[in-house]
Amino acid sequence: MSVGARTRELVEIAAAAADSKGAEDLVAFDVSEPLPLVDAFLLATGTSERNVAAIADAIEEAMLEQGVKRLRREGKHEARWILVDFGDLVVHVFHEQERVFYGLERLWKDCPIIPTGVTADAPE
């Protein structure tokens, strides 16, 4: 099983919104095989708590414009790792230190990469 065209489109929309707020190291994984309830993860990094919050807010706004409402949002108060769940797409916005510490890329390294449409994608 792999992600559908709509999920790929949502990854690109979320990535563009993140990029507009200065997100770094954008990478998206097709996690549909190991996780039956989620199709894709998008990871992004912010340089400060304020930047992390702004990135998450921009993504949420862009998704809402597409008619996609968030199901859950966690971590907004601390703004060190904000998780925004849109159903088929889950977005993780990290502060630089948390991204390195938790290393989600290591956990999902065997999953296919989904192009984000942002030219500064994280290296594969």
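Higher on the page you've got the structure.
Model, not experiment: these values are computed from the prediction.

Draft legend 1. Seen up close, the environment of A28. For A28, the location among the structural elements is in strand 1 (residues 24–30). We classify A28 as buried; its relative accessible area is 0%. When near neighbours in sequence (up to four residues on either side) are disregarded, A28 contacts V11, F41, L42, P112, I113, I114 and T116.

Draft legend 2. A look at unusual backbone geometry. One non-glycine residue, D25, lies in the positive phi region at around 50 degrees. Summarising the element assignment, D25 is placed in strand 1. For D25, a relative accessible area of 39% corresponds to the partly exposed category. Here the phi dihedral of A79 falls at roughly 55 degrees; this positive angle occurs in a residue that is not glycine. Mapped onto the fold, A79 is located in the loop between strand 3 (72–74) and strand 4 (81–85).

Draft legend 3. Molecular detail of the nonpolar core. By size, the foremost hydrophobic cluster in this structure holds 32 residues, and its most contacted members are L26, L42, I59, M63, L89 and V91. Of all the secondary-structure elements, those providing two or more residues to this core are helix 1 (5–20), strand 1, strand 2 (40–46), helix 2 (49–65), strand 4 and strand 5 (89–95). Considering each element in turn, this core owes the most residues, eight residues, to helix 2. With residues near it in sequence (within four places) discarded, L89 still touches L10, V11, A14, A40, F41, L42, M63 and V84. In terms of nonpolar packing, the next biggest core, distinct from the first, is built from 12 residues, V27, F29, V38 and W108 among them.

Draft legend 4. Spatial organisation of the pairing of strand 1. Burial of strand 1 is extensive: five of the seven residues sit out of reach of the surface. Where strand 1 lies against strand 6 (residues 113–114), two bridges are found, and the strand directions are antiparallel. If you follow A28 over to strand 6, its bridge partner there is I114.

Draft legend 5. Structural view of the packing of aromatic side chains. On inspection of all chains with the given rule, the structure shows four aromatic pairs. With centroids separated by 4.8 Å and ring planes inclined at 50 degrees, the aromatic side chains of W81 and Y102 adopt a geometry described as tilted. Of this pair, W81 sits in strand 4 while Y102 sits in helix 3 (residues 96–102), and the two are 21 residues apart along the sequence. A residue is classified by how much of its surface remains accessible, and W81, at 27% relative accessible area, is partly exposed. Judged by its relative accessible area of 38%, Y102 falls in the partly exposed class. For the pair F101 and Y102, a centre-to-centre distance of 4.9 Å together with 90 degrees between the ring planes defines the contact as edge-to-face. The rings of W81, F94, F101 and Y102 are connected pair by pair, giving a single aromatic cluster.

Basis of the calculations
Each residue is numbered by its place in its chain's sequence as written, counting from 1. Since the coordinates come from a predicted model, pLDDT governs what is reported: local features require at least 70, and pairs of side-chain atoms require 80 or more to be given and counted, while whole-chain, interface and lining totals use all residues. Side-chain numbers here rest on the full set of heavy atoms in the structure, without hydrogens or water. Here a strand is any run of E in DSSP of at least two residues, a helix any run of H or I of at least four, and the numbering for each starts at the N terminus. Buried residues are those whose accessible area, probed at 1.4 Å on protein chains only, stays under 20% of the maximum for their type, while exposed residues exceed 50% and partly exposed ones sit between those limits. Residues count as neighbours in contact if any of their non-hydrogen atoms are within 4.5 Å of one another. Take the buried residues of types Ala, Val, Leu, Ile, Met, Phe, Trp, Tyr and Cys, join any two whose side-chain atoms come within 4.5 Å, and each joined set is a nonpolar core. A pair of strands counts as paired when DSSP detects no fewer than two bridges linking them. To pair, rings of Phe, Tyr and Trp, with the six-membered ring standing in for Trp, must have centres within 6.5 Å; the planes then decide the type, stacked if under 30 degrees apart, edge-to-face if over 60, and tilted in the middle.

That is the geometry; function is a separate question.
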